[in-house]
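Residue strings, one per chain:
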Amino acid sequence: MTSEQLCRALSETRPEFLEECEITMVTRPKKLHRGLLIAAVIMLLGCVSAMAVGISLRQSARNDMGIQPENPISEWTEYEATDGERVDLVSSFCSGGHVFAYLEVEDISAEDGAALEAETISWSLGDVFPHINNCSWVVSHVDYDAETETALVKAHIFGAVAENAEELTLILALERSADQKEFFKPVIVPVTESDIKTADVALSVENTDLGLTGSVKQVAVSAGTVEVTLQIQPAREWLADNGYEADDPCGLHDYFGSWFEAADVYLQDIRIGFADGSSMAVVDIPTPFAGNWIVENSALDPVETEGWLTLQHVFSQAQDLSAVTSVTIGGSSVALN
C-alpha cells in the first residue's frame, strides 16, 4: 500500500479526525520503507485516538453545560490543550458571579475512574486564589475516558471572589478519604465578562411572620442566573427594635431566614419570556442547588446590605441570553434591557 492509498483509506473510514489533524496528502516519488510505513500508521492512529478523546471530553463538557456549538454564547470559552500538563483547563462558563471550570485530568487509573463513577472517591479543591471572603465551591466528576485514563472534572466557584477577580487559581484534589488527598498542579481560570439584562420594578412583598413590608426593586437575568433584589428594613434596625445585640448571629439568622421564606413564596410564579413568545417558570429551570433560590453570601452582612437582600436562581445549564426578552413578576410582564 502506498502512502497515498493509506491516506485515502483512512479518510474514507475516519474523515472527521483527519480533518481535525489537518493532514495534507503529499505524493513523493521515493518509496516509503515498509517498516517506516508501519510506524507512520501507528503514529497516525495514535494521533487520531488522542484527537477522538479530546473531542469526546470537550463534547461532554458542552453537553453538561447545555452548550450548542452551532449556537455559541459569549459566556462559554474553550481553551487549547497544554502539552505536558496533567491537569488542563478545557472550557469555562462565567455568568452572574459564578464560574464553572471544566478540567481534564490525565493518569487517572481505571480503578480510580470506576471509583469516581461510583462516588466512593471524589474531587475537591485544595484552595482557590486570590483569597477573598465569601468564596464557595462545588466540585463534581463529569466523565471518564478509560482508553487514555483521563477524567473530566467540573469546578463551580461563586461568591465575591468570582465577582471581583480577573482570574482564579484552582488547586484540584482527589480525595480517597478524609485524611488522604492527592493534590495537583495549580490551574489558572480566566474570569471572563458576561452580559446581563435588567428590569427596574417596585413591587410590594409582605413578610407576615415579621409584620413587615419589603419591595422588589430589580430583576436581573444572565446566561446563568436570575437575580431578584429586595429592599427591606436594615437588619441592624430590626435587631435593635427586637432586643438583639448588634450583629447578633441568631438575630441575623432569624431576620434573613424569615425574609428568605417570604421571598421564596412570592417568587414561585416568576417567569422569564423569550423572543419566540414562549415563557418558562424560573422554578422549573433546573438548578444545582437544593431549593429554588440562594442568598448571596454578602447579603448576610448587615453592614454591606444596609437594607438590601439579593436572591439568585442558578441554572444547571446555560441559557441563551439573546433570546430572553422579559420577566413576569407579581402578575406583570416587564421588558428586560
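Anything mentioned here points back to the structure above.
Residues numbered from 1 in each chain as written. Predicted model: local features only at pLDDT ≥ 70, side-chain atom pairs only at ≥ 80, totals over all residues. Heavy atoms only, no water.

**Comments concerning the sheet that holds strand E15 (residues 294-295)**
Under the convention used in this document: A pair of strands is labelled paired if DSSP reports no fewer than 2 bridges between them. Secondary structure counts use DSSP, requiring at least four H or I residues in a row for a helix and at least two E residues in a row for a strand, with both numbered from the N terminus. Contact between two residues is taken to exist if any of their heavy atoms lie within 4.5 Å; hydrogens are not considered. Throughout, an axis means a line fitted to C-alpha atoms (over the contacting stretch in the case of helices), and angles, computed between N-to-C directions, take values from 0 to 180 degrees.
The sheet built from five strands is open, its strands ordered E10-E11-E12-E16-E15 with antiparallel pairing. Each edge of the open sheet is held by one strand with a lone partner, namely strand E10 (196-207) and E15. Of the strand pairs in this sheet, E15 and strand E16 (residues 308-314) are connected by two bridges, and their pairing is antiparallel. Pairing of Val-295 across the sheet is with Leu-311, part of E16. Helix H7 (residues 249-266) contacts E10, strand E11 (212-222), strand E12 (225-231), E15 and E16 of the sheet and is inclined by roughly 110° relative to E10.

**Overview of the packing of aromatic side chains**
Rule in force here: Any pair of Phe, Tyr and Trp rings, taking the six-membered ring for Trp, is counted once the centres come within 6.5 Å. Such a pair is stacked with planes under 30 degrees apart, edge-to-face with planes over 60 apart, and tilted for the rest. Throughout this description, buried means an accessible area under 20% of the type-specific maximum (1.4 Å probe, protein chains only), exposed means over 50%, and partly exposed covers the range between.
Under the counting rule described, the total for this entry stands at seven aromatic pairs. Ring plane angle 50° and centroid distance 6.0 Å describe the contact between Trp-123 and Phe-184, whose orientation is recorded as tilted. In this pair, Trp-123 sits in strand E4 (residues 122-129) while Phe-184 sits in the loop between strand E8 (180-183) and strand E9 (187-190), placing the two residues 61 residues apart along the sequence. Phe-184 shares its class with Trp-123; the two are buried. Pairwise contacts between aromatic rings join Trp-238, Tyr-244, Tyr-255 and Phe-256 into one cluster.

**Re the side chain of Thr-310**
The test is simple: Distance and chemistry together define a polar contact, namely a pair of N or O atoms within 3.5 Å, with one atom able to donate a hydrogen and the other to accept it when in protein, and with adjacent residues in sequence counting only for side-chain atoms on both sides.
Assignment of secondary structure puts Thr-310 in strand E16. Among the polar contacts made by the side chain of Thr-310, one reaches the side chain of Thr-229 at a distance of 3.5 Å.

**Some remarks on helix H4 (residues 110-118)**
Note on helix geometry: an α-helix contains 3.6 residues per turn, so any two residues three or four positions apart are oriented the same way. Our working definition: Arc, as used here, means the arc of the directions from the helix axis to the C-beta atoms.
For H4, the full list of buried residues reads Asp-112, Gly-113, Ala-115 and Leu-116. What you see down the axis of H4 is that its buried residues fit within an arc of 165°, all on one side. Facing away from the buried surface of H4 by more than 90 degrees, the exposed residues are Glu-111 and Ala-118. Residues of H4 that are buried sit in contact with E4, strand E5 (135-145) and strand E7 (167-177). One or two steps after H4, the chain reaches Glu-119, where phi turns positive at roughly 65°.

**Considerations on unusual backbone geometry**
Look at the link from Phe-129 to Pro-130: it is a cis peptide, with omega at 0°. Here Pro-130 is to be found in the loop between E4 and E5. Even without being glycine, Glu-149 reaches a positive phi, approximately 55°. With respect to the helices and strands, the residue Glu-149 is situated in the loop between E5 and strand E6 (150-159).

**Here we look at the pattern of salt bridges**
Selection rule: One side-chain nitrogen of Lys or Arg within 4 Å of one carboxyl oxygen of Asp or Glu is enough to make a salt bridge.
Under the defined criterion, the tally for this structure stands at nine salt bridges. With a shortest N-O distance of 2.8 Å, Arg-176 and Asp-112 are connected by a salt bridge. In this pair, Arg-176 is assigned in strand E7 and Asp-112 in helix H4, connecting sequence segments 64 residues apart. For Arg-176, a relative accessible area of 30% gives the class partly exposed. A residue is classified by how much of its surface remains accessible, and Asp-112, at 13% relative accessible area, is buried.

Treat this as a map of the structure, not an account of what it does.
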